[in-house]
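Chains, contacts and geometry: an overview
The residues making up each chain are set out below.
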Amino acid sequence: MNHTLSHDLFVRAQTLLPGGVNSPVRAFKSVGGEPFFAQRAEGAYLIDVDGNRYVDYIGSWGPMIAGHAHPQVLDAVAQVMRDGLSFGVPNALEVTMAETLTRLVPSCEMVRMVNSGTEATLSAIRLARGATGRNKIVKFEGCYHGHGDSFLVKAGSGMLTLGVPDSPGVPKALADLTLTLPYNDFDAATQLFELAGADIAGVIVEPIVGNANCILPRDGYLQHLRDLCTRYGALLIFDEVMTGFRVALGGAQQRYGITPDLSTFGKIIGGGMPVGAYGGRRDLMQQIAPSGPIYQAGTLSGNPVAMAAGLATLALIQAPGFYEKLERRTHQLCDGLEDAAREAGVAITTNRSCAMFGLFFTDRNVETFAEATACDVGAFRRFFHAMLRRGVYLAPSAYEAGFLSSMHGDIEISHTIEASREAFREARA
Ligand SMILES: *Cc1c(COP(=O)(O)O)cnc(C)c1O
């Protein structure tokens, strides 16, 4: 594979953009080597500036569940675009979007559109604090909620001690307000609430962790969090920026039958445009300005072009059988990868939830962040590059989930499994 043009662009980019990219994981730092630059994308494929084609298992980090450049999404955008790109006054598509979201996700009685997942989570914790009059936020090790200060915090030395900043620039005083728990540990959550329950405004969680590879909740774990929040008067916030409209039409909350107080969305609801949203109980959402005192605003929020792309995508995913087919494809892929690894004498395990999956280089089941980080990262790196050379693009980090789209069919999955037979051999040290 020739990467001359990508290399030249990366050289130019590195002098002007920090690390040569506008978002860190794109720089390939955790797998080594250089990123390729996209020229275009189509269905299940990314095509780079040097003309190389890759089966894409990232889908722009989640949004492209209907495949890249879907004609119905492009047509919707083209049509709306001709009437103007932004108005700064209300438009009808915002109302349609709110109707669609509240219908698909019943726990959201009202919603507010924003421009990214980060904005959605920041706004949701402000609302949780404003509505409860409490300051502490609980999050989980390995969960990612965007780059807001309150989320760039890791656990202190003792499990129940104050959080410490995970990035320079995050004030210690703010990090003190974020408490971090190990995901899937029932007792740790119970203990924390016994100790600090009266100060906790909200618990924010990725109901299925998709930012520490892919970790599923243990039976009853999300219900346990729901019960603790209810008992202590804290709000349960499901960050469904990744899982929303990916693991089921109604998100992880539908899959597991849990009703959070607030939810955050992004990625798929924008269909590839910059969009986020948060929503939840009416009595909470009514406390947001201008109907209530908790301030939150956005010049481009509810942008008509972004709403058009999102609505077209949300229309596609409501086709009968859409998720059943995706789930079958994911099993086909993961079963195939496990067989190929076994034949190559490499130990892997996979976690799956409908259109997302995790691949771990380990011989054990992975249910916790500690288990996810104990996998063989070196083997993943070699596997990643061996797959890339064969035209398969996996997430360039051992700690990211993989995504399928409805355009991933037999041809793409067979090609991926075939490529993996040799790639697993190369992954052996
Ligand atoms: C991607 C992601 C975010 C951040 O969304 P951005 O649009 O990148 O700001 C927040 N939470 C989760 C669970 C995510 O996967």
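These numbers come from a predicted model, not from an experiment. (Residues numbered from 1 in each chain as written. Predicted model: local features only at pLDDT ≥ 70, side-chain atom pairs only at ≥ 80, totals over all residues. Heavy atoms only, no water.)

**Concerning the sheet that holds strand S12 (residues 276–280)**
The cut-off we apply is this: Two strands form a pair only when DSSP identifies at least two bridges running between them. Think of it this way: any DSSP run of H or I at least four residues long counts as a helix, any run of E at least two long counts as a strand, and we number them from the N terminus. Structural elements are reduced to axes, namely lines fitted to C-alpha atoms, with helices fitted over the stretch in contact, and the angle between N-to-C directions of any two is expressed from 0 to 180 degrees. We call two residues contacting when some pair of their heavy atoms lies within 4.5 Å.
With mixed pairing, the seven strands of this open sheet are ordered in space as S4-S12-S11-S10-S9-S5-S8. Only two strands of the sheet have a single neighbouring strand rather than two, namely strand S4 (110–114) and strand S8 (178–181). Within the sheet, the average angular offset between the axes of one strand and its neighbour, ignoring direction, is 20°. Where strand S11 (residues 262–265) meets S12, four bridges bridge the pair, whose relative direction is antiparallel. Directly across from Thr 264, in S12, lies its bridge partner Tyr 278. Helix H7 (residues 221–232) contacts strand S5 (136–140), strand S9 (200–205) and strand S10 (235–239) of the sheet and is inclined by roughly 145° relative to S10.

**Considerations on the UniProt feature "modified residue: N6-(pyridoxal phosphate)lysine" (unreviewed entry) in the protein chain**
Defined as follows: UniProt positions are given in the numbering used here, feature names are shortened, and annotations may be inferred rather than shown by experiment.
Under the feature "modified residue: N6-(pyridoxal phosphate)lysine" (unreviewed entry), the UniProt entry names Lys 267. In this fold, Lys 267 is placed in the loop between S11 and S12.

**Observations regarding the pattern of salt bridges**
The criterion, for reference: Only one rule defines a salt bridge in this text: a Lys or Arg side-chain nitrogen within 4 Å of an Asp or Glu carboxyl oxygen. Exposure categories follow from relative accessible area, calculated using a 1.4 Å probe and restricted to protein chains: below 20% of the type maximum is buried, above 50% is exposed, and the middle band is partly exposed.
Tallied over the full model, the rule gives 18 salt bridges. For Lys 154, the salt bridge is made with Asp 166, and the minimal N-O distance between the two is 3.7 Å. Here the residue Lys 154 occupies a position in strand S6 (residues 153–154), and Asp 166 occupies one in the loop between strand S7 (164–165) and helix H5 (172–175), the gap between them amounting to twelve residues. Residue classification places Asp 166 among the partly exposed positions, given a relative accessible area of 46%. Here Arg 226 makes a salt bridge to Asp 261, at a shortest N to O gap of 3.0 Å.

**A short note on the site of the ligand**
We count it as follows: Nearness is judged by heavy atoms alone; a residue qualifies as near a molecule or strand once a single heavy atom is within 4 Å of it. Here a polar contact is taken to be a pair of N or O atoms separated by no more than 3.5 Å, where protein atoms must pair a possible hydrogen donor with a possible acceptor and residues adjacent in sequence count only if both atoms sit in side chains. In these tables, accessible area is a Shrake-Rupley quantity obtained with a 1.4 Å probe, and a residue counts as shielded only by the protein chains included in the view. Only Asp, Glu, Lys and Arg are considered charged in this grouping, and only Ala, Val, Leu, Ile, Met, Phe, Trp, Tyr, Cys and Pro are considered nonpolar; every other residue, Gly among them, is considered polar.
Surrounding the ligand, one finds Ser 116, Gly 117, Thr 118, Tyr 144, His 145, Gly 146, Glu 206, Asn 211, Asp 239, Val 241, Met 242 and Lys 267. A distance of 2.9 Å separates an oxygen atom of the ligand from a polar atom in the backbone of Gly 117. Contact between the ligand and Thr 118: an oxygen atom at 2.6 Å from a side-chain N or O atom of the residue. In isolation the ligand exposes 380 Å². Once the protein is present, 83% of that is buried. Split into classes, the residues belonging to the shell around the ligand amount to three nonpolar, six polar and three charged.

**Structural notes on the environment of Ala 201**
Tracing the backbone through its elements, the reader meets Ala 201 in strand S9. Residues Ala 201 and Arg 421, spaced 220 residues apart in sequence, show a C-alpha to C-alpha distance of 49 Å.

**Some remarks on helix H4 (residues 117–132)**
The line we're drawing: To estimate the expected span of a helix, subtract one from its residue number and multiply by 1.5 Å.
For H4, which comprises 16 residues, the first-to-last C-alpha distance of 23 Å matches the rise-based estimate of 22 Å (1.5 Å per residue) to within 8%. Remark: Gly 133 follows H4 within two positions and exhibits a positive phi of approximately 70°.

**What to know about empty space enclosed by the protein**
Put simply, the test is: Note on definitions: the grid is 1 Å and covers protein atoms alone; a cavity is a set of points where a 1.4 Å probe fits but cannot get out; a pocket is an open set with protein on both sides within 12 Å along at least five of seven lines; lining residues have an atom within 4 Å of a point. Grid points are joined across faces, edges and corners, and a volume is the space filled by probe spheres set on the points.
This structure, assessed with the given rule, holds three cavities of 30 Å³ or more. Around the largest cavity, the lining is made up of 14 residues, and of these Phe 380, Leu 394, Ala 395, Glu 400 and Gly 402 lie nearest the centre. Top element by residues in the lining of the largest cavity is strand S14 (residues 356–360). It accounts for three residues. Here the residues of the lining of the largest cavity are counted per class, giving nine nonpolar, four polar and one charged. Estimates place the volume of the second largest cavity at around 70 Å³. In terms of lining residues, the second largest cavity is bounded by Asn 213, Leu 359, Phe 360, Phe 361, Ala 372, Thr 373, Cys 375, Asp 376, Val 377, Phe 380, Ala 398 and Tyr 399.

**What about the environment of Asp 50?**
As for its placement among the helices and strands, Asp 50 is situated in the loop between strand S2 (45–48) and strand S3 (53–56). Asp 50 gets classed as buried once you look at its relative accessible area, which sits at 19%. Spatially, the C-alpha atoms of Asp 50 and Met 1 are 8.7 Å apart, while their sequence positions differ by 49 residues. Discounting chain neighbours no more than four positions away, the residues touching Asp 50 are Asn 2, His 3, Thr 4, Leu 5 and Ser 6.

**Examining the nonpolar core**
Convention followed: Throughout this description, the term nonpolar core refers to a set of buried Ala, Val, Leu, Ile, Met, Phe, Trp, Tyr and Cys residues connected via side-chain atoms within 4.5 Å. Per the annotation, domain bounds derive from an automatic or database assignment of domains.
Core analysis: the biggest nonpolar cluster contains 73 residues, and Tyr 57, Phe 245, Ile 269, Phe 361, Phe 383, Tyr 393 and Phe 424 have the highest contact counts within it. Counting residues per element, this core draws most heavily on helix H11 (residues 322–344), which supplies nine residues. Counting only domains with at least three residues in this core, you end up with domain 1 (4–69 + 320–427) and domain 2 (71–317). In contact with Tyr 393, not counting residues within four places along its chain, are Phe 28, Phe 36, Leu 46, Tyr 54, Val 55, Asp 56, Tyr 57, Ile 58, Phe 384 and Leu 388.

**Quick notes on the packing of aromatic side chains**
Under the convention used in this document: To pair, rings of Phe, Tyr and Trp, with the six-membered ring standing in for Trp, must have centres within 6.5 Å; the planes then decide the type, stacked if under 30 degrees apart, edge-to-face if over 60, and tilted in the middle.
Across all of its chains, the model carries 18 aromatic pairs by this definition. Considering the side-chain rings of Phe 140 and Tyr 221, the 6.3 Å spacing of their centres and the 80° angle between planes classify their relative orientation as edge-to-face. With a gap of 81 residues between them, Phe 140 in strand S5 and Tyr 221 in helix H7 connect regions that are remote in the sequence. For Tyr 221, a relative accessible area of 0% gives the class buried.

**Brief notes about the domain arrangement of the protein chain**
Stated precisely, the cut-off is as follows: Put simply, buried area is the surface a 1.4 Å probe can reach on two separate parts but cannot reach once they are joined, added for both.
If you check the domain split of the protein chain, you get domain 1 (4–69 + 320–427) and domain 2 (71–317). Listed as interface residues are 31 residues of domain 1 and, on the opposing side, 31 residues of domain 2. Summed over both partners, the interface of domain 1 with domain 2 buries about 2,600 Å², with 60% contributed by carbon and sulfur atoms. Considering only the side of domain 1, the residues that lose the most area to domain 2 are Tyr 323, Met 356 and Phe 369, jointly responsible for 24% of the buried surface there. Linking domain 1 with domain 2 are two salt bridges. Its salt-bridge partner being Glu 327, residue Arg 255 comes within 2.9 Å of it at the nearest N-O pair. Where domain 1 packs against domain 2, one counts twelve residue pairs in polar contact (both at pLDDT 80 or more). Of all the secondary structure elements, the ones that give two or more residues to the side of domain 1 that touches domain 2 are H11, strand S13 (349–353), S14 and helix H12 (369–373).

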